[in-house]
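Listed below are the residues making up each chain.
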Amino acid sequence: MSALRFQSPIIARGAFMFAPGEVAPSAGRVTVLIGPNGGGKTTALRAAAGMLAPEQGAILLDGAPVHTMPAAQRAARMALVAQRPEVGAPFSVRDVVALGRVLRPASPERIAHALARSGLTQLADRPFHALSGGQQQRVAVARAFAQHEPGGVLLLDEAFAAVDPPEAAALVREIRAEAAAGATVLAATHDLSVASALADDVWCIAGGRSTAFGAARELLTRAALPSLLGVAVAEAHGSRGTIAVADYGGILPEAPR
Amino acid sequence: MMQRRPMIGLALMAVASCIAVAARLLVVRTLDGSLVVGWPGPTLGQFRVDAVLVACSAGAALGASGAILQTLLRNPLASPFVLGVTSGAGAGVAFASLAASIAGMAAPTGAALGAPALAGALLALGCVLLLSRRHGALDPITLILGGVIVGAIASAGSTVAEALLPPERRGLLTGWLFGRIPEVPDMGSLAACAAAALGLTGLGAAWGNRLDGAALSDDEARSIGIALGPMRTAMFIGCGVATAATVALCGPIAFVGLLAPHCARALVGARNRILVPAAAVAGAGLLTAADALRQWIDIGGGRLPLGAVTAVFGGVAFLVLLRRTAAGWMA
C-alpha cells in the first residue's frame, strides 16, 4: 500500500500560502477535503500529485518527495482527476480512458472494465467533446480507474461536481470499493451529501492551513461543520446512516408524518 | 476491428498520393498550351522527378509538423507557421538581398536564398522558443503569442529592408513569398528537407502515445506519466527545424501544414502513432497535387505560382474547417 504524507510543506502562490502542517491520509480509507473556495483544496491535491514544488518541507509518497519523482514512476502509483477535464484532440471516450495506461500495457478488457465502472459502456465510441460536462467528468474518473493499481493513491478534485445524483452514487460506490481494496483516496468536494457518502476521514483546509482533520462521524456533523464552513448544517437520515446537508434555508413546508 | 480501420485509411491515403505523383510525372502542359501525357525520357524527366522529390519532402515535413503541433497546442487551427519561421525566413531573404545590394553584388535568387532563409527561420524559431518559456517549461499559449509577435517583428524588418533596396531590385521578396517547387533544386537543401521529414515523422510515430497524452491538460498529462517539458521542447524544435528546412527549399507554402493533418485525421483517426505518418503522406500528396495542378492551368504566358494554388484551395478548405471545428474540438 502506498503511503502519502504531507510533511509540513510550504507552497507560496502569489499572496496565497499553502502551509497545512503534518497530515497523512490513511491507506484503505477515503479522506474528503472540505473547505471554503480558494482555501487550498486544489493546491493540496496538485501538491499531492507532484505538480508543485514545496519551498520547505515535503510531500512524500512512500518516503520519497513526490514532485521530484520521474513522471512515469509516479503515474504507476498515483492517479489524478483534475477539476476541469480537458482533451485537446478529437478522441473518442475509449481513447481518453485508454490514456490512463498510455505508458504501460493495457488489455482492452481492462479499459472496458474502467468504462463500465463509470457507466460509460454505451458511450465508449462517442467523441469526448460530444458529451455533457458531467459525462466528461465521468470519463476522467474512468481514466483514473484504468490507470490505478490496487493499493495506489487516487486524487479527485471535485470529480463529481457536475455529475447527476444516480451516476454520482455509483461513482461513490466504486471509489469506496477502491479504498476497501487498499487505495489511499483523497477527494475534494463542496457537496456535503457526497462527502457524507464518501468519507471515512475529513480534512478541512481554509486559508491554506488545516483547520481540522479527523473521523467523518465526528466532523460531518451539525455541531462541527458550521464553524469549519461558515454555513448552517442540517442532518438527515439516509439509508445507511446520517447525512450532512448544507442548510441554505429551505422553504418547503414540513411533510406530514 | 479498431486497428484495421486506420490501416485502411493510411493505405487509401498512400494510393491517393501515388496518383498525385504519377499525374505530376506524366501530365504536363507544353508551351503551346496543350496537355501532353507521357514520359519525356530520362534527361527532361529528371526535372519532373526532382520536382516530385521536393514536393514530397516539403509536403511530408509540413504535414507531420502540422499534426504534431495541432496536438501539442491543443488547437485544430494550428499550422507549422505558428512557430514564426516563415516571417523569419522572409526577413533573412530580405536582408540578404539588401546586403548583396550594398556590397554591389548581383541580386541573389533561387538556391542562393536558401541559406539566408534558413538562418532567418532558425533565428526566429530560437526567439519564439525563448519567449515561450514559463516556469522552466514551454507553454502552448505563450508559444502561439510569441510566434505572432516574432512574426510581426520579422515582417516589419522585411518591409524596412525591402524599402531600402534600389527600385529595380524590389519585388523579389513578393515573388519569394509565393513559394515554389524548384525543378532544379539545391541537392543539399533537398537532402536536408527529406531527412527532416523522415526524422520528424519517425519521432512523431514513435512517441505517438505520449503525444496523445499531451492533449490532456498539463496536470492530467503529467499525472498519467508524460514528461511534458522535455517532450514539448524536443517536439517544438523538431517541428521548427523541419519547417525551416521546407522554407529554405521552397519558400513559405500556405495551408498544406494546416490541411494535411485534417485530411489524415478524417481517414485514420486522431491517435498520433498513425496520424503523424498519415499526415506526412497526405502533405506529400497535397503538395504534389498542387504542383501538378499548377502545370495544367493555362493562364496564357506563364504558370500560376504554387503559393497561389495552395492559397486558393487551402483558403476555401480552411473556411470549411473553421466552420466545422470551431464548435467541435475544444468544446
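Now for a description of the structure that goes with this document.

Rules behind the numbers
- Residues numbered from 1 in each chain as written.
- Chains lettered and ligands numbered in written order.
- Predicted model: local features only at pLDDT ≥ 70, side-chain atom pairs only at ≥ 80, totals over all residues.
- Heavy atoms only, no water.
- Helix = DSSP H or I, 4+ residues; strand = E, 2+ residues; numbered from the N terminus.
- Rg over C-alpha atoms; globule rule 2.2 N^0.38 Å.
- Buried < 20%, exposed > 50% of the residue type's maximum accessible area, 1.4 Å probe, protein only.
- Areas by Shrake-Rupley, 256 points an atom, 1.4 Å probe, with all protein chains shown as cover.
- Lys, Arg positive; Asp, Glu negative; His and termini not counted.
- Charge placed at Lys NZ, Arg CZ, Asp CG, Glu CD.
- Polar contact = N/O pair within 3.5 Å; in protein donor to acceptor, adjacent residues only side chain to side chain.
- Contact = heavy atoms within 4.5 Å.
- Core = buried A, V, L, I, M, F, W, Y, C linked by side-chain atoms within 4.5 Å.
- Patch = residues over 30% accessible without salt bridge, like charges linked within 9 Å, V, L, I, M, F, W, Y side chains within 5 Å.
- Salt bridge = Lys/Arg side-chain N within 4 Å of Asp/Glu carboxyl O.
- Buried area = accessible area lost by both parts, 1.4 Å probe.
- Disulfide = S-S within 2.5 Å.
- Expected span 1.5 Å × (residues − 1).
- Pairing = 2+ DSSP bridges.
- Axes fitted to C-alpha atoms, helices over the stretch in contact; angles between N-to-C directions.

**As for the overall build of chain A**
Stage number 1. A tally of regular secondary structure across chain A gives 9 helices and 13 strands.
Stage number 2. Its C-alpha atoms give chain A a radius of gyration of 18 Å, near enough to 18 Å, the size a compact globule of 257 residues would have.
Stage number 3. Dimensions of chain A along its principal axes, counting C-alpha atoms only, are 55 × 50 × 35 Å.
Stage number 4. When the 257 residues of chain A are sorted by exposure, 52% land in the buried category.
Stage number 5. Surface accessibility of chain A: about 11300 Å² in total, with carbon and sulfur atoms responsible for 53%.
Stage number 6. One way to put it: in chain A the 23 positive side-chain charges average out to a point 3 Å from where the 21 negative ones average out.

**Regarding the side chain of B:Thr288**
All names here are of chain B.
Stage number 1. Inspection of the secondary structure assignment puts Thr288 in helix α12 (residues 272-296).
Stage number 2. Of note is the side chain of Thr288, whose polar atom sits 2.6 Å from the backbone oxygen of Ala284.
Stage number 3. Apart from residues lying up to four places away in sequence, Thr288 is in contact with Ala20, Val21, Arg24, Val52, Ala55 and Cys56.

**Quick look at the nonpolar core**
Stage number 1. A:Val97, A:Phe160, A:Leu198, A:Leu220, B:Leu83, B:Ile181 and B:Phe236 are the most contacted members of the largest nonpolar core, which has 137 residues in total.
Stage number 2. Considering each element in turn, this core owes the most residues, 12 residues, to helix α2 (residues 42-72) of chain B.
Stage number 3. Apart from residues lying up to four places away in sequence, B:Ile181 is in contact with B:Ala51, B:Val54, B:Ala55, B:Cys250, B:Ile253, B:Leu287, B:Asp291, B:Arg294 and B:Leu306.
Stage number 4. With 25 residues, the next largest nonpolar core counts A:Phe18, A:Ala48, A:Met51 and A:Ala188 among its residues.

**Some remarks on a nonpolar patch on the surface**
Stage number 1. Together, B:Ile141, B:Leu145, B:Val148, B:Ile149 and B:Ile153 give the surface a local cluster of nonpolar side chains, amounting to about 520 Å² of exposed area.
Stage number 2. If you trace the backbone, B:Val148 turns up in helix α5 (residues 140-164).

**Notes on the interface of chain A and chain B**
Stage number 1. The partner chain B presents 26 residues to the 26 residues of chain A that form the contact.
Stage number 2. Carbon and sulfur atoms make up 62% of the area that chain A and chain B hide from each other, which totals about 2300 Å².
Stage number 3. Counting every contact that joins chain A to chain B gives 3 salt bridges.
Stage number 4. A salt bridge links A:Arg143 to B:Glu220; the nearest nitrogen and oxygen atoms lie 3.2 Å apart.
Stage number 5. At the junction of chain A and chain B, the tally comes to 6 residue pairs in polar contact (both at pLDDT 80 or more).
Stage number 6. Secondary-structure elements contributing two or more residues to the side of chain A that touches chain B are α2 (71-75), β7 (78-81) and α5 (133-147) of chain A.
Stage number 7. Among the elements that line the side of chain A that touches chain B, the one with the most residues is α2(A), at 4 residues.

**Looking at the environment of A:Pro226**
Residues and elements named next belong to chain A.
Stage number 1. Mapped onto the elements of the fold, Pro226 is located in helix α9 (residues 225-229).
Stage number 2. On the accessibility criterion, Pro226 (29% relative accessible area) is partly exposed.
Stage number 3. Distance from Pro226 to Ala246, taken between C-alpha atoms, is 9.2 Å for residues 20 residues apart in sequence.
Stage number 4. Ignoring any residue separated from it by four or fewer positions in sequence, one finds Pro226 in contact with Thr221, Val231 and Val233.

**With respect to the state of the cysteines**
Residue and element names in this part refer to chain B.
Stage number 1. Applying the stated criterion across every chain yields a total of 0 disulfides over all chains.
Stage number 2. There is no disulfide at Cys56, and the cysteine sulfur nearest it, in Cys18, is 8.7 Å away.
Stage number 3. Note on Cys56: relative accessible area 24%, which makes it partly exposed.

**Thoughts on α12(B)**
Stage number 1. Between its terminal C-alpha atoms α12(B) stretches 35 Å, which fits the 36 Å expected from 25 residues at 1.5 Å a residue.
Stage number 2. The element α12(B) is extensively covered by neighbouring structure, given that 19 of its 25 residues are classed as buried.

**With respect to the sheet that holds β7(A)**
All names here are of chain A.
Stage number 1. One open sheet holds the 6 strands; their spatial order is β7-β8-β9-β4-β10-β11, and the pairing between them is mixed. At either margin of the open sheet sits one strand with a lone partner, and together these are β7 and β11 (209-215). Recorded for the sheet is a direction-independent mean angle of 15° between the axes of neighbouring strands.
Stage number 2. Pairing analysis gives 6 bridges linking strand β10 (residues 201-206) to β11, with the strands arranged antiparallel. Across the sheet, residue Ile205 finds its bridge partner in β11, namely Ser210.
Stage number 3. Lying on the sheet, helix α1 (residues 41-48) is in contact with β4 (30-34), β7, β8 (153-157), β9 (184-188) and β10; it crosses β8 at an angle near 150°.
Stage number 4. Contacts from helix α6 (residues 165-180) reach β4, β8 and β9 within the one sheet, and its direction differs from that of β4 by about 125°.

**Considerations on α1(A)**
All names here are of chain A.
Stage number 1. Where burial is concerned, most of α1 is hidden: 6 out of the 8 residues are buried.
Stage number 2. Among all positions in α1, only Lys41, Thr43, Ala44, Leu45, Ala47 and Ala48 are buried.
Stage number 3. Looking at the residues trailing α1, positive phi occurs at Gly50, about 85°.

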